[in-house]
Structure formats: C-alpha cells, structure tokens
Amino acid sequence: MMRKSILLIGFLVLQSIWTTSRAQLQWTPSFITENSSSISIKANANGGNKGLLGYTPASDVYVHIGVITNLSSGPSGWKYVKYDWGTTTPGANAPSTGVNEWTFTINGGLRSYFGITNSNEKIEKIAILFRSGNGNKVLRNDDASDMYIPVYPAGDFIRIDEPISQPKYIRTLQPLNVKLGDKLAIAANASSPAKLQINYNGETTATADGSSSISKEIIVNKGGTQQIIAQATFTNGSIHKDTIQFFLAGNAAIASLPTGISEGITYEAGDSSAYLVIHAPGKNRIAVIGDFNNWTENEAGQMNKTPDGNYFWTRITGLKSGVEYAYQYLIDGSLRVADYNTEKVLDPNNDGFIPSTTYPNLKSFPKDKASGIVSILQTGKPAYAWKANNFKRPDKRNLIIYELLIRDFLANQNFQTLKDTIPYLKKLGVNTIQLMPVTEFEGNLSWGYNPNFFFAVDKYYGTEQALKAFIDECHAQGMAVVLDMVMNHAFGSSPVAQMYWDSISNKPSTSNPWLNPDAKHPYNVGYDFNHESTATKNLLNRMIRHWLINYKLDGFRWDLSKGFTQTNNPNNVSAWGNYDASRIATWKRIYDTMQLVSNGSYCILEHFADNSEEKELADHGMMFWGNGNYNFNQATMGYSQDADFSGILHSKRNWQQPHLIGYMESHDEERLMYKNISFGNQSVNYSTRDSNTALQRMSQAAAFWSMMPGPKMMWQFGELGFPFSINTCGNGTVNSACRLDNKPPVWSYLNNPFKKSLFNKYANLLKLRTNPNFQNTFTSTPFTYDLSSPFKWLQINGDSLKVVVIGNFDIAARTSTINFPSTGTWYSYLNGTSINLNSTSSSMTLEPGEFHVYLNRNLSNTIITSVSQPISPQTDQLTIIPNPIHESTMIGYKLLDASQVDISIYDNQGRIVKEIMRGFKHAGQHQIPLPKSQLSSKILGNGIYYVVLKTNKGTLISKQLLYH
C-alpha cells in the first residue's frame, strides 16, 4: 500500500491551468513503453503545488514510485512500490540537475525495474512523487493529487502536450482557466512521422504531413463546451486521436436563494427535482457534474451565486424517484469535490472491501467518469417506518452506558448483527449504548476519529436503514443510543478542507470558512475547526438536527470537546485545560441548540479541563467523562498507592449536579484485566496475576463502580474480563504502534464459567442499579465512603433501599470496623448470605479480593444465575433441580456421544471445592443425586457456586448453584 498524505484520500481532480510556465514533470522518451530501456523523469518545483520550491539541501530529494496496471483498483491502487515513504534509500535519490530541478532515471525497462512477471498484467501509468528525505515536503499536482506518467503499448500514438496539462490520472476532461478572447496555443506530438491535424470545435485548424509535431494558436471566441482533437494517420494506415475537452463559462448568475431553501440538499415534492446549496464564499463559479449530465460541465450545471457571495445554488430536474445519482462540484473550473452535505458517498478506494451482506446493492463507482470521492442524491428515498414511538429516555443521572466499537465488537462488523446483540446488552443491564463514530470516515477499518463527511453513515457498517433499525430496537427495549460525534476536526478528504486548501503549506488556507490553518490547541489530529466562525456554527447546527431528528438519536458524546476553542495555545497542554470563557460560551450554545432540537437529549463531553469550567457546564446540563481507569486498576492489581477511585464521584469535585460519568475503562485506556494478569501484585499465597483471581477482583471493582452514585460507563467486553492489551497487534504481541489495530471479539468467553460469573455479577449489580423502585437511591440519596485504604467501603442510606459495599483490595486478609445505617439483618446481595447486627458498628475480616454488597432487603430471589444461550437439542446439556438446594438436588446431564466426563463444583475464585464425578459415560441421559449432607458447611459456605461439566469432546457447560 502506498503512503499518501491525509489530503489525498479520495481527492483526485481533473485539472489543467493554461499557462506558459513549465509543467512540473517532463520525461523522455516522450512515449514511454514497458520496453523503454532508459527513462528520464525531470521534476521542476516551479510547477504543480511547488512543494519543493527552494528546498535545501538539493541533494535530499527522493522519489516515491510505483505503477498503475490493468489490475489496479484506481488512482490509489499503486502497485510494485519500490521504496518506503520517509526513507533515504540511495536507489530512490533524484540528483539535482538545476535550480529547483531534479531528475530520476529508470534503466533496463519498466517490467524488470518493478519486478513484474505476470504476463497478463500490463503497465498503464508510472505513479510518482518527488519528496524530501523525511517526506515532509512533496512535489505534487497543484491540487495536491498524485502525478502519473502514461505508459503506451506497442504501436503509434499522438498526444496533446499544449495546453500544458498536469500529469493526472485522468486527462480527457481538462477544465482550463481560459476567458473569451484569449489566445490558446495548441501543440501535439506523434510517436513517429505521420499526417497530422488539429481540430478545434469540429473545424480543422492546422495540418502537417510527414511530421512528428504540429502546433496552432487560436482565439477562443465562444463560450460553452470546447473540444480539441489531435489526429495522426500513420504510414501503416493506423489512425490515433487524443482529445481534450473544456468548458468556457461566464460569470456566475447572481440570484437569491428561493424561499424555504437553505444550505444542503432539499428534495421537492414529486420526487423529480432537488435544490443543492453549498457555502463557498470567495469562489467565482461552481458547476454540478454527475450522472445526470454525463459528468460533463455544461451551461445547465452552472450554479447561481447569492448576492452576498456566500452561497451557490441550483435546481436539478428530471430525476427519477428512488434512483441514486452520483455527483461532484467543479469549483472555478479546476477543483472537483463531493458535496459536504451529502448523506452518502461513493469511495473508489474503499467501497470494494465492503461485503454485500453488509451493504446490499451498493451503487458502483463511476470510475470511467470521475475520480475521488463522489456524493449521492436520491429523490423518493424510502422512509424508515419507526416502531418505538413512545420511548422515554433514561434519567441522565442514572445512565449505564456501554461504549462499543462495532469493528471489534462483532465478527460481522455491521449494524444488522449489532441489532442481534441487543438482548445480550439488555440482560447485562445497561440502559444506553454509545457507538464509537459511525459517520463517514477515511478508510474502513478505523476507530472513526478521522471524519470526512458529517451527515453520512459509514457504509462499512451498513445502510442508513440498518442503523435506524438498530436504534429503533434499542428504544423498543428501553435503551437509549448515543453517537460519538467528532467535530473537533476534519480530515483532508473532507470537502471542507479541500475547498480552501494551501497546497504549498499543505494545510487549510487562511480563507477557509470552517477550519483554522493551524490548530489552536495541543493533541489535535486532522484539521482544527474554528467553532467561533459562522460557517462552522451553521454546519454544526444542521448536523445536530440531522442526527437527532432523522435518526432519533438520544444524544452525542463529543470527542475532544476541550479542543472547541479559539484561544491560541498550540503547545502548552497544561494551559489548554485552564478556565476558558469563550469555550464555555461555545458549549452552552451547542447544548442549547441540542435541547431546542430534542429536549432532554444527552450532551456528553470528553473534556478533562479545569474543574471550575466543568462544574459550570455541568450546572448548565452537560455531562462529563470521569476517568477512574488508573485508580481502579491500582486497586484491582492489589497496590495501595493511588488506589483511591473516589474521583469518579461528582461530590468529590464539589459539583451539585451528578453529571460526572464514572468509568473504569473506555476505548482510550489500557484494559484492567490485562494489567492484572501482567503486572498485578502477589505474595506467596495470593496472586492477582492468576486469571481467575483477577476475574474475582474485577467483580469486586464492578461492585463499587456500579453502586457509586452518578451515571456510569463501561467499555465493551469489560463484563467478560477482556484480557488483551489495548496495544495488542494482530500477531498477539504488544506494541504501542498497534493501538488502533483490530482486536478480537470474545463472545466465546460466555462458555467459560468464570468469565460468565463476572458477567452475572455485572448483570445483577446493574439490574439493582436500574430497578425503578430504587433509582432514587443512586441519584439523590446522601452517601458516605472511605475508598482510600485497601479495605474500602461505600454506604448509601436511601429510604427505599440501603446499601453497604465493602471490599478488601489488599493481597492479604484485612480487618476493619464498618458502620451500617441500621441494625438487623443485612443480606449479601451477590452470594445469598446474610448477617445479623445488634450494633450499627461491626468489626469485619475479609480475605484478599473478598467483597460484599449488603442490602437491608432480601433480593436474592431476583438474582440472575445464568446467561446461557438457549441450548439446542443437538448439544450436550446440564440441569440442576431444585436450585437452590433444599434437602437434596439432582444433577442431570445429556450426552450426544460417549465421552469422558468431569463434573465439579467451583467457587467464585475458580477453585474446585468438590468433585461430583469423573469417568466414561455412554451417550444419553444421566442423573446424579446430590444430598445436601454431602455439601456441609466445611465444604460450602452460603453463596453462589458453579457446577461445571467438561468432556473430552470439548464440551464445557456451566450452571450456577445457589447454596444456603
């Protein structure tokens, strides 16, 4: 895969500027073939984007070179790339041959040089860039696109060399910057002497016989579509032509926007027409080209300009209802971009990797007509029939958010499969799903924080209808859906970057109405939005309305919200977090806009700024990420230093509003379980690095996290003890360079009794947390705590429910005096035991990792004891009846095949406490009576255990057993 700058992805423009200056590339021979023995390519930094103009030292220039063949996917499909980007391999060096001039030579023929041995693969173009040794300076076409040199098959050809055209991927259409009355020099060269002629707009203007070149200067005397044809009739009778077309337009017509029409795409009643409106101040003229005009600029496609010069608009007619039309904007006769308002794009570089099961009947890219990303409009688009129309959003003070990345959550990485997981997520007890970015982003396999189109769903995850169906089903099951929205920045393939671009400095130009030329804050990626500009405000407001209304989303988690500032501070990370009145004003405006569009929608900020700023915004109604990852992990690993995780409590920060979303893990943090088993504390008799012990400590952390008042968030598969590092590579090694790499879904962990036990604990805790009878307990009840020592406790003294959570995070037994809100019987919610207190003060000893969630009410009958998937009759089975045990119970199991069978009882820490049977059994039904007398208190204490059946055929079945 070739190395490309951010701007280039999907950004190839068909352009040539008529000029008397030299083009940035010249080459000999003029007609290169696969068999040309010596090829010389000269680069001139006075042409193109001037990316190497004045560069020193002149000796530090290298090529990035490959080929386009008949097997390439398109302009980005470079093959047989010779050298890595940013390296100074001697073979890639281009010696300086003059001021701002470098030459690179290929000897021995192209097939030999690139090592192409497939006889069916034909070279069509040399793809080449000239760059500085470190790759920071690059000579490209003036629109920053890659440069391509044609390679000809055997035979005779003619080529138009003037007007000078930049070496682009497609050169048939050459929008030239020419005015009426201009002189236009035309010159063509043939590969061998021939009878030559030049035709301009159907008239022969010059001829030459027996010559290899021909030229003519004409006067451009009419507007509209212009066509230049150079034709050569060779001595063998073969005829070859080269054609250039361009459109000569006058000034844009000045016209106000029609009543009721605003920025974006507006479909008219009747489904045969649409208005297109874009914000483009400072541009002279814009035309629409697409499927409806054969991708050819014409008079009908010219857009009107509003009197203030800020907007261009047109009305497209003759459209067929339900038909998708691809289109782009041609700006000032040179720049082709997709519409930033589109709800769907076609991408020639990435769409080919989208499975048809994810996106059925995806429209083909018009590869012979266009290059770069194209936008889609569609009248009469089928409307989604919403079913859950009476959904009531959960109280934001009690949100239990499940953050997930579809790419890594599912083997089938799409919305349809995600919808199938809703029962699992509901069983887990979460009430809000937070999707990492699903708006259109660069590439396919991404976290999504590299956005380019803000109104479009990324097709790699599926269709608009599939996303709406997922949201609809979540609502039907009582769960809200929040979208991770990235509006701190845009990436280079976005039209908001392309339309106003400084190609010399390789950054947004100073005239860009949306983006800052340079980021105003540290840690910026992509190109920084100016959130105080009118253009950005309008874009953001329309985007908010689009997602909250059209998709019925319940809110946004705003990525890098601290970056929404124009306070110039590009490098000082500490100062970036200081109280910023202008940033506060920006966020209050955004929040108020959200509430006007959809009252009660959630506005969640990834902020991490000064506490006074966050408190002011929280008082206004916004919610904030509260990162407890490091402190929780210190506790789960068994270390006392920095193990106080009370920082996720809003009261700890002196907030009046419980708008701090506490989490142990998010997509950005190292996974707790990985650090437990890799770096946990240990003694002779106890180790947090033991997998089952680590899982038990994850349960302990979950108990405190879930019972702590205020909204909560968890990261996908935290409920199953995801053991891989955030930096895990595809080969299983750990390297920070692999942070964004795909990670494996771990649904098979539900077959592991110890990981399933962790799930059950999460599910039971969250079930208690979201029980409508007790919600006030976790939203408005006073609470006290001591989370600073290894023996931690939390007390919630509610009217409807009183809760005391205790836990020993040390690696040795600990004793502490715990104060309860009242005397009497207290029930250990998760293991079915109880204690009777004659005094509110009680001295308690806990083993390492031991914890209890004590309630003043007996809710053991509500405990979830299994999350097994429905068992097919075609699998081995395990039953326990009755459960809980009274005087005795019967363990029943069914085997499909004769097997070696092992049935044992495990405790919560994964230790075998009793073997039930081990031996060979034939296929069929079997039963084992288990009297309670065999499970005396010396063997089992009151609580939850696991009966596990294993066979040598690979069967592993686990059932919870309640003993009291």
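Analysis parameters
- Residues numbered from 1 in each chain as written.
- Predicted model: local features only at pLDDT ≥ 70, side-chain atom pairs only at ≥ 80, totals over all residues.
- Heavy atoms only, no water.
- Helix = DSSP H or I, 4+ residues; strand = E, 2+ residues; numbered from the N terminus.
- Buried < 20%, exposed > 50% of the residue type's maximum accessible area, 1.4 Å probe, protein only.
- Contact = heavy atoms within 4.5 Å.
- Salt bridge = Lys/Arg side-chain N within 4 Å of Asp/Glu carboxyl O.
- Pairing = 2+ DSSP bridges.
- Axes fitted to C-alpha atoms, helices over the stretch in contact; angles between N-to-C directions.
- Parallel < 35°, antiparallel > 145°, perpendicular 65-115°, else oblique.
- Left-handed = near helix turned anticlockwise from the far one by under 90°.
- Nonpolar A, V, L, I, M, F, W, Y, C, P; charged D, E, K, R; others polar.

Novice: How should I be thinking about the environment of Val-573 in this particular structure?
Specialist: On the secondary structure map, Val-573 appears in helix H8 (residues 573-576). Residue Val-573 is classed as partly exposed on the basis of its relative accessible area of 38%. If near-sequence neighbours (up to four positions away) are discounted, Val-573 is found in contact with Pro-522 and Tyr-523.

Novice: Can you walk me through the pattern of salt bridges in this structure?
Specialist: Side chains carrying opposite charge are able to pair once their charged atoms draw close together. Evaluated as defined, the whole model comprises 28 salt bridges. Three or more residues joined by partner-sharing salt bridges are found here, namely Asp-484, Arg-557, Asp-559 and Glu-606.

Novice: Could you clarify how one ought to interpret the side chain of Gln-231 in this entry?
Specialist: Note on placement: Gln-231 falls in strand S12 (residues 224-234). Under the relative-accessibility criterion, Gln-231 is labelled buried at 15%.

Novice: Just checking my understanding: could you explain the pairing of strand S42 (residues 851-855) for this structure?
Specialist: Two faces make up the sheet, and in a regular strand the side chains alternate between them. Of all 5 residues in S42, 5 are buried; the element is thus mostly enclosed. Pairing of strand S37 (residues 802-808) with S42 involves 5 bridges; the strand directions are antiparallel. Among the inter-strand pairings, Val-804 is bridged to a residue of S42, identified as Tyr-854. Sheet topology places strand S39 (residues 824-828) next to S42; 2 bridges connect them, and they run antiparallel.

Novice: Hey, could you run me through the sheet that holds strand S24 (residues 432-435) in this one?
Specialist: Sheets are built from strands paired through backbone hydrogen bonds, the pairs being either parallel or antiparallel. Taken together, 8 strands build a closed barrel; the order of strands is S23-S24-S25-S30-S31-S32-S33-S34 and the barrel is parallel. Ignoring strand direction, the axes of neighbouring strands in this sheet form an average angle of 30°. With 4 bridges joining them, S24 and strand S25 (residues 480-485) adopt parallel strand pairing. In the strand pairing of S25, Ile-433 is matched with Val-481.

Novice: So what exactly am I meant to see when it comes to the packing of helix H12 (residues 672-679) against helix H13 (residues 691-707) here?
Specialist: Any two packed helices are characterised by how steeply their axes cross, that is the angle between the axes, and by the distance between the axes. Packing of H12 against H13 leaves a shortest axis separation of 10 Å and a crossing angle of 135°. In terms of orientation, H12 lies oblique with respect to H13. When the axes of H12 and H13 are compared, the crossing they make is right-handed. Taken together, the residues of H13 that come into contact with H12 (itself represented by Leu-672, Met-673, Asn-676 and Ile-677) are Ser-691, Ala-694, Leu-695 and Met-698. A class-by-class count of the residues in the contact of H12 with H13 yields 6 nonpolar, 2 polar and no charged.

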